[in-house]
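# Coordinate inspection notes
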Amino acid sequence: MYQPSWLVRQKARKSLITAEILSIRNQRDKAEKLIRKTIRECQKHELYDLLIGLNHISFINTCNVKGGERTAQNFEDFQSYLEKERLKKTAEMHMYKYAFYGINKSSAKPNPKDVLKDIQKIEHALENGPEVPSAQYFLLQLKTVYWELKGNFNNQVRFARQLRHLFVQYPHLSSDIININAYLQEFTALLNLNVHKQALEAVREAQKLAVPGTSRYFEITKNQVYPLIHLGRLHEARQIIEDLLDDERVQGLMQEKLRYLLCVVLRENGQYGLVSRTLMELHELPSAERNGWNVGVRFMEIQNRLENERFDLAETQIQNLKRFMERHNSSLKDRKREVVILRILLQLSKLNFDYSALMSNNAELVDLLQGSGAEYRWDPFGAETIPFDQ
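Our subject in this report is the structure included herewith. Just so you know, the residues in each chain are numbered from 1, in the order the chain's sequence is written. The predicted origin of the model limits local features to residues at a pLDDT of at least 70 and limits the giving and counting of side-chain atom pairs to 80 or more, whereas totals for whole chains, interfaces and linings rest on all residues. With hydrogens and water stripped out, all remaining heavy atoms of the structure feed into the side-chain values.

### Focus: unusual backbone geometry
Cut-off, in case you're wondering: Numbering of helices and strands runs from the N terminus, with a helix taken as a DSSP run of H or I at least four residues long and a strand as a DSSP run of E at least two residues long.
In this structure, Glu46 is a non-glycine residue whose phi angle is positive, near 55°. Its place among the elements puts Glu46 in the loop between helix 2 (28-44) and helix 3 (48-63). You will see that Glu309, though not glycine, has its phi angle at about 60°, which is positive. On the secondary structure map, Glu309 appears in the loop between helix 16 (293-307) and helix 17 (311-327).

### Focus on the packing of helix 15 (residues 272-279) against helix 16
Describing two packed helices takes the angle between their axes plus the distance from one axis to the other. Cut-off, in case you're wondering: Here an axis means a line fitted to C-alpha atoms, over the contact stretch when the element is a helix, while the angle between two N-to-C directions is reported on a 0 to 180 degree scale. Each angle is binned into one of four classes, with values under 35 degrees roughly parallel, values over 145 roughly antiparallel, values of 65 to 115 roughly perpendicular, and all other values oblique. Put simply, a crossing is left-handed when the front helix is turned counterclockwise from the back one by less than a right angle, and right-handed when it is turned clockwise. By definition, residues are in contact when any of their heavy atoms lie within 4.5 Å. Residues are sorted three ways: Asp, Glu, Lys and Arg are charged, Ala, Val, Leu, Ile, Met, Phe, Trp, Tyr, Cys and Pro are nonpolar, and all the rest, Gly among them, are polar.
Put simply, helix 15 and helix 16 touch, their axes get as near as 10 Å, and they point 155° apart. Overall, the two elements helix 15 and helix 16 adopt an arrangement that is roughly antiparallel. In the crossing of helix 15 with helix 16, the sense of the turn from one axis to the other is left-handed. In this structure, helix 15 uses Tyr272, Val275, Ser276 and Leu279 to contact helix 16, whose residues at the interface are Val297, Met300, Glu301, Asn304, Arg305 and Glu307. For the contact of helix 15 with helix 16, the per-class residue count stands at 5 nonpolar, 2 polar and 3 charged.

### Quick look at the packing of aromatic side chains
The test is simple: Geometry of aromatic contacts follows a simple scheme: Phe, Tyr and Trp rings, the Trp one being its six-membered ring, pair when their centres are within 6.5 Å, and the pair is stacked under 30 degrees between planes, edge-to-face over 60, tilted otherwise. Relative accessibility decides the category of a residue: with a 1.4 Å probe and only protein chains considered, values under 20% of the type maximum give buried, values over 50% give exposed, and everything between is partly exposed. Put simply, a charge is over a ring when the Lys NZ or the Arg CZ is close to the ring centre, within 6 Å, and near the line of the ring normal, within 35 degrees.
Per the stated rule, a full pass over the model turns up 8 aromatic pairs. Taking 5.9 Å as the distance between ring centres and 50° as the angle between the ring planes, the aromatic pair formed by Tyr137 and Phe167 counts as tilted. Here Tyr137 is found in helix 7 (residues 133-150), whereas its partner Phe167 is found in helix 8 (residues 153-169), with 30 residues between them in sequence. For Phe167, a relative accessible area of 5% gives the class buried. Seen from their ring centres, Tyr146 and Trp147 are 4.9 Å apart, and the 70° between their planes marks the pair as edge-to-face. A cation sits over an aromatic face here: Arg298 above Phe324, 3.8 Å from the ring centre.

### Focus: the side chain of Glu46
Our working rule: Asp and Glu are treated as the negative residues and Lys and Arg as the positive ones, with His and the ends of the chain left uncounted. Each reported salt bridge corresponds to a side-chain nitrogen of Lys or Arg within 4 Å of a carboxyl oxygen of Asp or Glu. Here a polar contact is recorded for every N or O atom pair within 3.5 Å, except that within protein the pair must consist of a potential hydrogen donor and a potential acceptor, and residues adjacent in sequence are included only if both atoms are side-chain atoms.
Among buried charged residues, Glu46 stands out as having no salt bridge; its nearest opposite-charge side chain is Lys88, 6.2 Å away. In this structure the side chain of Glu46 is engaged in a polar contact, spanning 2.7 Å, whose partner is the side chain of His172. Residue contacts for Glu46: discarding those within four places in its chain leaves Lys88, Val132, Pro133, Ser134, His172 and Leu173.

### Regarding helix 11 (residues 215-223)
All of the buried residues along helix 11 are Phe218, Ile220, Thr221, Lys222 and Asn223. Looking at the packing, one finds that the buried side of helix 11 touches helix 9 (176-192), helix 10 (196-209), helix 12 (225-230), helix 13 (234-245) and helix 14 (252-268).

### Regarding the pattern of salt bridges
Going through the model one piece at a time under the given rule, you end up with 20 salt bridges. A salt bridge links Glu236 to Arg233; the nearest nitrogen and oxygen atoms lie 2.8 Å apart. Two residues, Arg310 and Asp312, come together in a salt bridge whose shortest N-O distance is 3.9 Å. When its relative accessible area of 36% is taken as the criterion, Arg310 is described as partly exposed. The exposure class assigned to Asp312 is partly exposed, which follows from its relative accessible area of 48%. A single network of salt bridges, built from pairs that share partners, joins Lys97, Asp118 and Lys121.

Interpretation note: all reported values are geometric properties and have no functional meaning in isolation.
Here it is as structure tokens:
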């Protein structure tokens, strides 16, 4: 029966203490038997720190009892465990620099060059050192972050899937949380690639592993809405949104994002009046400004007016957006895509909302939005659920 690593670690710690007590009581054979059994389990789970401790006790027990041959083996094992532990911790340290960005984007966006340097350090250590599956895991995690930052989402999918294959090969590396993260990395990449059916499958696999009622579960459930909208399955998307909004545990930014997504669904259904009323319920969230939240709400208002051909109201809202972005220039300075969209809207207003004239005179701005440049790339979780240039 497979046991999770945390449980093996817990049992191994108890065995380590018991072995020490048996050694002190001069019951060395019993201690050695327990140590051998515990070492076998710890090796399967790469618990090198405990293996070092167990090996130390075994060394003390055997150096004066069983002669030099066993003592030499203890010393060789000790060196091996020490090297593997050092490699594992080094890889883990490099990965955790970017862990929060890779998992939920809650930290500052890292520089891809820095991530690449850390990848190369781990690869060099693995090429010149022992086989350490946990270090391979940390390396693959870093590679998914790196290729996402570079905008190569095909590679991000490839390495996210390699992660899940590694979990099959080495079950001790796996847990529900780690598997969820791998599925979500794959989901994010597939959504960026507009492979919406597979994206939906990936996020639903993640949901199966999440604990119902937790904030993570609600976030994963909400993420199903994005591919459903793009697949045109608007009824399913709306049902998920309304079910979450009915849950009193869903509050704050999550609640506001759900209302925003509801507006997207309603607009796609042509229910422009209902969109306007729902938008009035949305709240300003200064803490979310860097994520483009408040800009995204204003984009939605303008797009709703344009699609409803209420150009007089759209013109007023475009000017309001311009003033808003000027006031918040410092927090929006890195969000170049939103700046380009504002420029397009201002030009559209000047041209009396003549779209053909806009394309004739400002094609280079639209090209920026449709290009592959990282600064202008569409973020499916950002200010535009549906790309502005579509």
